[in-house]
Amino acid sequence: MGCRRTDCMERPLSRLFEKLGGLVGSYPIGFFIVPLVVSFILGGGFYFIEKRTDNDIELQFTPRDGPSKKARAVVQEYFPRQKSEFSSQRLVSEGHYATIIAVAKGKSNIMTKEAFEDIIKLDHKVKSVSVVENKWTFVTLCVKVNGGCVPNDLLEIIEYDASKIGHMDIFYPVHNSSAPSKHTFLGSTIGGVRRKENGVIDFAKAVKFVYFLENKGGVEKWLQQFQKTFLNDHGYKNVMVSYYTSQSKQEEIDKLTADGIPLFSITYALAITFSVVSCLRLDNVRNKVWVALIGVLSAGLAVLSSFGLLLYAGVPFVMTVANSPFLILGIGVDDMFIMVSNWQNTNVKDSVPKRMAHTYKEAAMSITITTLTDVLGFYIGLMSDFPSIQYFCLYTSTAIIFCYVYNITFFGAFMALNGRREERNGHWLTYMKVPTEAPAKSSSWNTLCCVGGDYDKETGAEKIQPVNNFFKNYYGPLLTKPWAKAAVILIYAGYLAGSIYGCFHVEQGIDLKDLAADDSYVISYYERDRKYFSGFGPNVMLVVREPFPYWDTTKRSELRKCTDDFRELDFVSKRLYTSWLDAYEHFGKKMNLNLNNKKSFMANLPKFFVAVPEFKQDVNITRGTIPASRFFIQTVHISNSSMEIKMMNGLEEKMKTCGAAPLITFHPAFIYYDQYAVIVPSTVLNIGVTTAVMLVISLLLIPNPLCSIWVTVSIGSVIVGVTGFMALWGVKLDTVSMIILVVCIGFTVDFSAHISYCFVSSKKPSANGRMVDALFMLGYPIMQGALSTILGVVVLAASKNHIFRTFFKIMTLVMVFGLLHGITFLPVFLTLFSCCSSEKDEEKQEVKDSVAAHNVMHDSNRPDDLQYAYDNKDFEQCHRNIMIWKENLKVHKQQLNVYVIGSGQHKHPCLEYDPDCP
């Protein structure tokens, strides 16, 4: 039984494109000029690019509605910072700051007089930085407490005297000074510590100081001057210095786009060169050099028009959008190769409008499928929680629409103009008419340079390129062998096993140091910070965000049970815990106060805050009630993204299980950690919905449902492969790789949809024949598109930026696996599992072809029962009659070799598939 065909849309669209091709072929000048004018007008939008550029890390690269942003809003509402108060553990945002890390050289101990002499010099140098003729100095900009700048605790302990460091007992991680109730946390200040049994530091490798600044005019200039001061500051005998500021992340992001321009320029040049070279022909008339150049220009005009339009509309331009032009170039070049390939298979003796009509009927339908799936896929990406991904998808999908329109207008018009030159046998360079055959006694140079216009006399089309012949005569027939199909299935099984294994080892999250170039000062700072100071992680707020009866002993015990549960987590310190409530209870016992009724509890709080003023920042008192308060837990050993994920999940679970009061957890770093909660679900959702949409489009436009399903399966297979092998290649799943995975879907559609559409559109009677035909028609164009992209991204492997190297790795995987599926896995599976042909269908097709050939030959001796049987659908009788007829036609072998279909000449199918054919 044959398959049902789902070509209710494909057939009318094909006819529509056929008419459009004829129209473009008849009036190419208009279709060529209008896109140029539109591009010129819309390109004016680039005037606003600087104004529209928005690379704010928090805004663009964190979830738009992340829970930590909501938690921060709660903290800001209930615990606003007063100017006279400051506590680094109570900050709700990173704020403005500069920081330095000093590491002892060699294997020496940094807790020595010599090392601290250098450290005190460093501290003095920081505080002496000034800008605008000393108008803005550290003293004028620093955050102040009690009238002075926030001190560095360690230097305060030794009273800025390096000689004291070797004669003092400094406890770690909490130092107890001689002052009563004075406890200083040094876990984030001293790193690489080895302690004695009593907790006194015996050895340390590094120290870190943070200089906090107010948010006021002059801060940004001061921080820039700070960086310049320490950029080449290597004049210390005993310590190595790394530095960082609150502006560093943003500056590195802003630099990234500028640093990538030279690399992308090289990638474009390579892709363009490959496209031109692959379209070179030795025939001076059939040469496609100018066609290739215009094809690349068409993609460039699409980027110019789409970006300009969106910039006019005020859409923010984010760093991630800089990757979009490369994608558009790849799609545009791929579509160009498809159109050129179909043009070459038309009859060179036909008129240009007729050749264009035939080209559009086949090629335009194929690129329409890929364009629709690409555009809808990227528009679905607008559902992402990350604004950077949303803007990337918006810019890219709009550019793909322009690329498609320009391909069937601007590029198609130039193909028609080039076809007119070929029609009059004009030279590709001089445009002068040249002979098709070399004159007698002409030199070899004359033949090489001044002769052209040859074509295949048997088919009437341009001569087949050697690579196309390879797919037709060697590679395609090889894949039809049973043992070759078995080998392909085994290779695919190995590929799938490796992919699935890798998927279970994908790491999430973007390391902030990956935003910086390899030679940036930021790298050394992050590496030393992670190496020496990862023992203690964020000091996390536990916020009770609703009124709570703290004076009720039962309720208070339940709340304490909740906070104790947090301290039982293996990434939370059991000893380092800050609780105003515990301190208040201790104060009440000491002062013999009754804290078990509301009136007494509330009345004595002001006395407590006088005794311990820092706790005043942890309790919100409004109209005699406490609508919110907060406690602090100290996390430990948060050294990588896996521990960050574990921390966020563990805190979330404990919040849900606390029945005493509604809690939220917060730390400024959690704004960036929110990506862990949404990046996997968001990626899966985008890919799943996009794949489902592509299945629907394939069902509507590819005239066979089972083949459409195989396109979707191929897409899923490539995505699994890219995800798995990117993990094995050391690439994490983050906002950058997530964007490229969306790109992956687009390129995968191009590979699989082209082959599948050509497979089901082929007139060959058998599945193997259709596979060979599809590979012959599109194997080389698909390979051209993949190789041009791979050649382009190879340059990015040498980039000093992690993001560009990630782009190289994933795009290489996409191209390799997409190509492997397009020309190996999918063709074999289509022959094995598709129902695109059956034995009876093949008999019917052979009947039709033979009758057509018989009619074309105008043989007066043809049997009338042959036509009668065909007209009356008696295919079995007709088939028997044909077998007899063929035996009697051996004398007409030469006439049977070719028959006419429409405007082209093609070999009779039985000559390829019937060994007994005359």
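**Student:** Can you help me understand the overall build of the protein in this one?
**Tutor:** Across its full length, the protein carries 33 helices and 19 strands. Accessible area of the protein: about 40,200 Å², with a carbon and sulfur share of 58%.

**Student:** How do you make sense of the state of the cysteines when you look at a structure like this?
**Tutor:** Disulfides are covalent bonds that link the sulfur atoms of two cysteine residues. Tallied over the entire structure, the rule returns 2 disulfides. The disulfide partner of C562 is C658, and the gap between their sulfur atoms is 2.1 Å. Across the disulfide from C562 to C658, rotation about the S-S bond amounts to roughly 100°, and the bridge is consequently right-handed. A residue pair is termed long-range when its members are at least 10 positions apart, and C562 in helix α19 (residues 553-567) and C658 in the loop between α22 (641-657) and β17 (663-666) qualify at 96 residues. In this structure, C562 and C658 share a single accessibility class: buried.

**Student:** I keep staring at the environment of T436 and nothing clicks. Help me out?
**Tutor:** Of note, T436 is situated in the loop between α14 (387-423) and α15 (444-450). Placed 19 residues apart in sequence, T436 and Y455 show a C-alpha to C-alpha distance of 9.5 Å. Setting aside residues no more than four positions away along its own chain, T436 makes contact with N425, V451, G452 and G453.

**Student:** Teacher, can you tell me more about the pairing of strand β1 (residues 96-104) here?
**Tutor:** Successive residues of a regular strand alternate their side chains across the two faces of the sheet. In terms of burial, β1 is a largely internal element, 8 of the 9 residues being buried. Pairing between β1 and strand β11 (residues 206-213): 8 bridges, direction antiparallel. Counterpart to I100 in the pairing with β11 is F209.

**Student:** What am I meant to see in the sheet that holds strand β12 (residues 239-245) here?
**Tutor:** Whether parallel or antiparallel, the strands of a sheet pair through hydrogen bonds between backbone atoms. What the 4 strands build is an open sheet, ordered β8-β11-β1-β12; its pairing is antiparallel. Among the strands making up the open sheet, the edge pair consists of β8 (190-191) and β12. The sheet contacts of helix α6 (residues 113-127) involve β1, β11 and β12, and relative to β11 the element is tilted by about 15°. The strands touched by helix α18 (residues 521-533) within the sheet are β1, β8, β11 and β12, with β12 carrying the most contacts at an inclination of about 110°.

**Student:** So what exactly am I meant to see when it comes to a positive patch on the surface here?
**Tutor:** On the surface, a cluster of positive charge is contributed by R15, K19, K361 and K763. Locating K361 in the fold gives a position in helix α13 (residues 352-380).

**Student:** Which parts of the structure should I look at to understand helix α11 (residues 289-312)?
**Tutor:** An α-helical turn contains 3.6 residues, so a residue and the one three or four places further along point in the same direction. Compared with an ideal rise of 1.5 Å per residue, which puts 24 residues at 34 Å, α11 spans 35 Å between its outermost C-alpha atoms and is within 8% of the ideal. Burial runs high along α11: 17 of the 24 residues are buried. Phi for G314, located one or two positions after α11, is positive at around 85°.

**Student:** Mind showing me how you'd approach the environment of K127 here?
**Tutor:** Along the chain, the position of K127 falls in helix α6. Considering only alpha carbons, one finds K127 and T137, 10 residues apart in sequence, at a separation of 7.4 Å. Residues contacting K127, with those up to four places away along its chain left out, are F138, Y160 and Y211.

**Student:** How do you make sense of the pattern of salt bridges when you look at a structure like this?
**Tutor:** Should their charged atoms come close, side chains of opposite charge can pair. On inspection of all chains with the given rule, the structure shows 25 salt bridges. Ionic pairing is found between K646 and D570, a salt bridge with its closest N-O pair at 2.9 Å. Of this pair, K646 sits in helix α22 while D570 sits in the loop between α19 and β14 (572-579), and the two are 76 residues apart along the sequence. Three or more residues joined by partner-sharing salt bridges are found here, namely R286, K288, R355, E422 and E462.

**Student:** Explain a nonpolar patch on the surface to me, please; I cannot follow it from the model alone.
**Tutor:** A cluster of nonpolar residues, I29, I33, V37, F40 and I41, forms a patch on the protein surface that exposes about 520 Å² of accessible area. Note on placement: I41 falls in helix α2 (residues 28-42).

**Student:** Whenever I open this one, the packing of aromatic side chains confuses me. Can you help?
**Tutor:** When we look at a pair of aromatic rings, we describe it by the centre distance and by the angle of the planes. Counting across every chain of the model gives 47 aromatic pairs. Between F32 and F414, the aromatic rings sit 6.2 Å apart at their centres with planes inclined by 35°, giving tilted as the arrangement. Placement of F32 in helix α2 and of F414 in helix α14 is noted, with a sequence separation of 382 residues between them. There is no split in this pair, since F32 and F414 are both buried. Between the aromatic rings of Y172 and F536, the centroid separation amounts to 6.1 Å while the plane-to-plane angle is 70°, which identifies the pairing as edge-to-face. Here the residue Y172 occupies a position in the loop between α8 (153-157) and β6 (174-176), and F536 occupies one in strand β13 (residues 536-544), the gap between them amounting to 364 residues. Taken as a pair, Y172 and F536 share a single burial class, namely buried. Here the aromatic residues F548, Y550, W551, W580, Y584, F587, F601, F608, F609, F615 and F631 are joined through ring pairs into a cluster of three or more.

**Student:** So what exactly am I meant to see when it comes to the side chain of S762 here?
**Tutor:** Tracing the chain through its elements places S762 in the loop between α26 (735-761) and α27 (767-794). Of note is the side chain of S762, whose polar atom sits 2.8 Å from the side chain of D773. Apart from the residues within four sequence positions on either side, S762 is in contact with R770 and D773.

**Student:** Just to check I follow, could you spell out the side chain of E214 for this structure?
**Tutor:** Assignment of secondary structure puts E214 in the loop between β11 and α9 (219-231). A relative accessible area of 17% means that E214 is categorised as buried. Excluding anything up to four places from it in sequence, E214 contacts R81, H96, L141, C142, V143, K144 and V219.

The rules behind the values
- Per chain, the residues get numbers from 1 upward, laid out in the order the sequence is written.
- Reporting of local features is limited, given that this is a predicted model, to residues whose pLDDT is at least 70; pairs of side-chain atoms are given and counted only at 80 or more, and all residues count toward the totals for whole chains, interfaces and linings.
- Computation of side-chain values covers all heavy atoms of the structure but excludes hydrogens and water.
- To qualify as a helix, a DSSP run of H or I must reach at least 4 residues; to qualify as a strand, a run of E must reach at least 2; elements of each kind are numbered from the N terminus.
- For the accessible areas, the method is Shrake-Rupley and the probe is 1.4 Å, while residue cover comes only from the protein chains on display.
- Note on disulfides: each one is a pair of cysteine sulfur atoms within 2.5 Å.
- Residue exposure (1.4 Å probe, protein chains only): buried if accessible area is under 20% of the type maximum, exposed if over 50%, otherwise partly exposed.
- Only heavy atoms matter for contacts: two residues are in contact if any of them lie within 4.5 Å across the pair.
- Being paired, for any two strands, means DSSP has found at least two bridges between them.
- Convention adopted: a line fitted to C-alpha atoms gives each axis, helices being fitted over their contacting stretch, and angles between N-to-C directions are expressed from 0 to 180 degrees.
- Patch membership requires over 30% relative accessible area and the absence of a salt bridge. Like charges are linked within 9 Å, and nonpolar side chains (Val, Leu, Ile, Met, Phe, Trp, Tyr) within 5 Å.
- Salt bridge, as used here: a side-chain nitrogen of Lys or Arg that lies within 4 Å of a carboxyl oxygen of Asp or Glu.
- A positive count includes Lys and Arg, and a negative count includes Asp and Glu. His and the chain ends are not counted in either.
- By convention, charge coordinates are those of NZ in Lys, CZ in Arg, CG in Asp, or CD in Glu.
- A helix's residues, less one, multiplied by 1.5 Å, set its expected span.
- Pairs were defined over the aromatic rings of Phe, Tyr and Trp, the Trp ring being its six-membered one, requiring ring centres within 6.5 Å. Orientation was assigned from the angle between planes: stacked under 30 degrees, edge-to-face over 60, tilted for the rest.
- Under the rule applied, a polar contact is a pair of N or O atoms within 3.5 Å (in protein, one hydrogen donor and one hydrogen acceptor; residues adjacent in sequence only if both atoms are side-chain atoms).

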